[in-house]
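Listed below are the residues making up each chain.
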Amino acid sequence: MTSDPINRLLGVLISGRGTNLQALIDAIAGGRLHASIAVVISNREGAPGLERARAAGIEAITLSHRAYSTRDDYDRALVKELQARDVGLVCLAGFMRLVGAPLIEAFPNRILNIHPSLLPAFPGLDAQKQAVEHGVRVSGVTVHLVTAELDGGPIIVQRAVPVMTGDNAETLAARILDEEHRAYPEAVRMILEGGWRVEGRRFVAARYPTSAST
Ligand code: GRF
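Residues numbered from 1 in each chain as written. Predicted model: local features only at pLDDT ≥ 70, side-chain atom pairs only at ≥ 80, totals over all residues. Heavy atoms only, no water.

> So, the overall build of the protein: which residues are in play, and what are the values?
The helix and strand tally for the protein stands at six helices and nine strands. By the compact-globule yardstick of 17 Å for 214 residues, the protein fits well, its C-alpha radius of gyration being 16 Å. Accessible area of the protein: about 10,100 Å², with a carbon and sulfur share of 51%. A gap of 2 Å separates the mean positions of the 23 positive and 23 negative side-chain charges of the protein. (Helix = DSSP H or I, 4+ residues; strand = E, 2+ residues; numbered from the N terminus. Rg over C-alpha atoms; globule rule 2.2 N^0.38 Å. Areas by Shrake-Rupley, 256 points an atom, 1.4 Å probe, with all protein chains shown as cover. Lys, Arg positive; Asp, Glu negative; His and termini not counted. Charge placed at Lys NZ, Arg CZ, Asp CG, Glu CD.)

Shown next as structure tokens:
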């Protein structure tokens with residue numbers, strides 16, 4: 001089924017420093033991504049990404065998961081905040097929470113996540129460390145639709161990043177992060193352009209690859 005038109009109001013969920021959020025802010029400001037960010041929500045108080053949002057004039061709020069007794073209750077609270085701002089697309093950007101049914105059902109095929117490996121290799125935490133320890137020669141970044149399966153949804157964009165001799169988790173993470181900042185705006189743009197569909201577990205784009213520049 002071809003995707004319906006998506007409204008271009010983004011909700012970005014973070015837990016930490018927010019460099020991918022910054023990449024989205026910069027792509028929008030630079031006219032490379034035609035969207036706007038309606039709200040940034042962090043589950044952690046004091047996340048540096050909140051300040052990045054405010055500096056760009058974007059509403060930024062903390063919604064602590066600790067205030068909710070179940071994950072579903074927390075997800076329902078997220079849905080309420082996102083829907084109150086008419087968000088059409090949810091971007092997870094270093095959001096360190098498993099996303100559950102209430103959020104996925106409220107935004108079916110409308111939640112994106114960025115992960116620092118070439119999925120399905122190295123899902124979960126510390127993907128860069130997993131890659132170094134496994135000894136792969138190439139890792140990378142994946143932007144995918146979020147489903148109930150952790151880091152397992154249809155893949156929108158992937159970029160390969162070489163693993164160098166002598167790399168440790170930190171040096172590899174830094175190299176991958178540069179690529180993340182190009183890949184995320186590109187994936188959001190593809191989603192907003194429409195004309196794609198999900199077939200089984202595959203994301204089928206109208207045209208891919210798109211231009212390498214973002
Ligand atoms: C990124 O490596 C992203 O792929 C992963 O969490 C990290 C978030 O970094 N999901 P930042 O907060 O966007 O700087």
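> Pulling in residues and values, what's your account of helix α2 (residues 48-55)?
Looking at α2, one finds that the buried residues are Gly49, Leu50 and Ala53. Across the axial projection of α2, the buried residues extend over an arc of 105°, all falling on one side. In this fold, the buried residues of α2 make contact with β1 (9-14), α1 (19-29), β2 (36-42) and β3 (60-62). Downstream of α2 by one or two residues, Gly57 has phi in the positive range, about 80°. (Buried < 20%, exposed > 50% of the residue type's maximum accessible area, 1.4 Å probe, protein only. Arc of directions from axis to C-beta. Contact = heavy atoms within 4.5 Å.)

> Can you break down the site of the ligand residue by residue, with the values?
Neighbouring the ligand are Arg17, Gly18, Thr19, Asn20, Gly94, Ile114, His115, Pro116 and Glu180. Contact distances for the ligand include 2.5 Å between an oxygen atom and a side-chain N or O atom of Arg17. At a separation of 2.7 Å, an oxygen atom of the ligand approaches a polar side-chain atom of Glu180. Relative to its unbound accessible surface of 360 Å², the ligand loses 86% to contact with the protein. Taken together, the residues of the shell around the ligand break down into two nonpolar, five polar and two charged. (Near = heavy atom within 4 Å. Polar contact = N/O pair within 3.5 Å; in protein donor to acceptor, adjacent residues only side chain to side chain. Nonpolar A, V, L, I, M, F, W, Y, C, P; charged D, E, K, R; others polar.)

> Just give me the short version of the pairing of strand β4 (residues 89-92), but keep the residues and values in it.
In β4, alternate side chains face the same way, and those of Leu89 and Cys91 on one face and Val90 and Leu92 on the other are all buried. Strand direction decides the pairing type here: β1 and β4, joined by four bridges, are parallel. From the neighbouring strand, Val12 faces β4, where its bridge partner is Cys91. Relative to strand β5 (residues 111-115), β4 runs parallel, the two being bridged by three bridges. Across the sheet, Cys91 pairs through a bridge with Leu112, a residue of β5. With helix α4 (residues 101-106) bridging β4 and its parallel neighbour β5, the resulting β-α-β unit is right-handed. (Pairing = 2+ DSSP bridges. Right-handed = clockwise from strand over helix to strand, strands pointing away.)

> Would you mind going over the nonpolar core in detail, with residue names and values included?
Counting 43 residues, the largest nonpolar core has Val40, Ile156 and Val188 as the members making the most contacts within it. When residues in this core are grouped by element, the largest group, nine residues, is from helix α6 (residues 169-193). Counting residues in each nonpolar core, the second largest holds 21 residues, with Val39, Ile61, Leu82 and Val99 among its members. (Core = buried A, V, L, I, M, F, W, Y, C linked by side-chain atoms within 4.5 Å.)

> So what about the pattern of salt bridges? Which residues, and what values?
Counting across every chain of the model gives 11 salt bridges. The salt bridge partner of Glu59 is Arg85, with a shortest N-O separation of 2.7 Å. Of the two residues, Glu59 sits in the loop between α2 and β3 while Arg85 sits in the loop between α3 (71-84) and β4, which places them 26 residues apart along the sequence. Assessed through its relative accessible area of 36%, Glu59 is described here as partly exposed. In this structure Arg85 comes out as partly exposed when scored by relative accessible area, which is 21%. Between Arg159 and Glu186 there is a salt bridge, with the nearest N and O atoms lying 2.3 Å from each other. Separated by 27 residues along the polypeptide, Arg159 in strand β7 (residues 155-162) and Glu186 in helix α6 bring together distant segments of the chain. (Salt bridge = Lys/Arg side-chain N within 4 Å of Asp/Glu carboxyl O.)

> Can you break down the packing of helix α5 (residues 127-134) against α6 residue by residue, with the values?
Running from amino to carboxyl end, α5 crosses α6 at an angle of 120°, the nearest separation of the two axes being 9 Å. Here α5 is positioned oblique relative to α6, judged by the angle of their axes. In the crossing of α5 with α6, the sense of the turn from one axis to the other is right-handed. Counting all contacts with α5, which are made through Gln128, Lys129, Ala131 and Val132, the residues of α6 involved are Ala169, Leu172, Ala173 and Ile176. Across the contact of α5 with α6, the residue classes break down as six nonpolar, one polar and one charged. (Axes fitted to C-alpha atoms, helices over the stretch in contact; angles between N-to-C directions. Parallel < 35°, antiparallel > 145°, perpendicular 65-115°, else oblique. Left-handed = near helix turned anticlockwise from the far one by under 90°.)

> Outline the side chain of Asp167, listing residues and values.
Inspection of the secondary structure assignment puts Asp167 in the loop between β7 and α6. The exposure class of Asp167 is buried, given its relative accessible area of 13%. At a separation of 2.7 Å, a polar atom in the side chain of Asp167 contacts the side chain of Arg175. Apart from residues no more than four positions distant in its own chain, Asp167 is found in contact with Val132, Pro162, Leu172 and Arg175.

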